[in-house]
Amino acid sequence: MPGIDESLLEAMRLPGVRGALVVDWISGLALGAVGEAPGEDVEATAAETAELARLAMESGTLASTDGGGAGTGGGDDLILTTADAYHLLRFVVTTFDSTVFLYLWLDRADGNLALARIRLADMADRLVLG
């Protein structure tokens, strides 16, 4: 089972990936990073994506109606599209607190969003923290 570094390196092998992070959405801290970050600041990217993750996971409106999904809010992943990129957040379910997510920054012209979602889900399931 891969740890953080191995998972991030695996993520970088996806087509069009510009950068990847593992982030704790409670603290907003990057637990690992590889590649580029939007705005060239990994810590700012971690903090800003953590805010988005926190809003989604704590939202009653976005909660799963059947109680499933990752973390407390029931979401599995979030996708934000911009004119030139895809930003994908995949929540990692853990036995202790489930406050971690994988973040992937994909170039829109070269990236494959469907493939990235599938591979990121697999990575999240296999990720070993600690």
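Because the structure is predicted, anything quoted here is derived from the model rather than measured. (Residues numbered from 1 in each chain as written. Predicted model: local features only at pLDDT ≥ 70, side-chain atom pairs only at ≥ 80, totals over all residues. Heavy atoms only, no water.)

Moving on, we get to the confidence of the model for the protein chain. Overall, the predicted model of the protein chain reaches an average pLDDT of 87, with 87% of residues at or above 70. No element of the protein chain has a lower mean pLDDT than helix 1 (residues 4-11), which averages 90, and none a higher one than strand 1 (residues 17-24), which averages 96. (pLDDT = per-residue confidence, 0-100. Helix = DSSP H or I, 4+ residues; strand = E, 2+ residues; numbered from the N terminus.)

Bringing the environment of Leu52 into the picture now. Along the chain, Leu52 turns up in helix 2 (residues 42-57). Owing to a relative accessible area of 37%, Leu52 belongs among the partly exposed residues under this scheme. Sequence separation of Leu52 and Trp25 is 27 residues, and the distance between their C-alpha atoms is 8.6 Å. (Buried < 20%, exposed > 50% of the residue type's maximum accessible area, 1.4 Å probe, protein only.)

Extensive coverage of strand 4 (residues 85-92) is indicated by the burial of eight of its eight residues. Because side chains alternate across strand 4, one face comprises the buried residues Ala85, His87, Leu89 and Phe91, and the other comprises Tyr86, Leu88, Arg90 and Val92, equally buried. Across five bridges, strand 3 (residues 77-81) lies against strand 4 in antiparallel orientation. Note that in strand 4 the partner of Ile79 across the bridge is Leu88. Hairpin remark: strand 3 followed by strand 4, antiparallel, with three residues in the connecting loop. Taken together, the eight bridges between strand 4 and strand 5 (residues 100-107) define a ladder with antiparallel strand orientation. Paired with Arg90 across the bridge in strand 5 is Leu102. (Pairing = 2+ DSSP bridges.)

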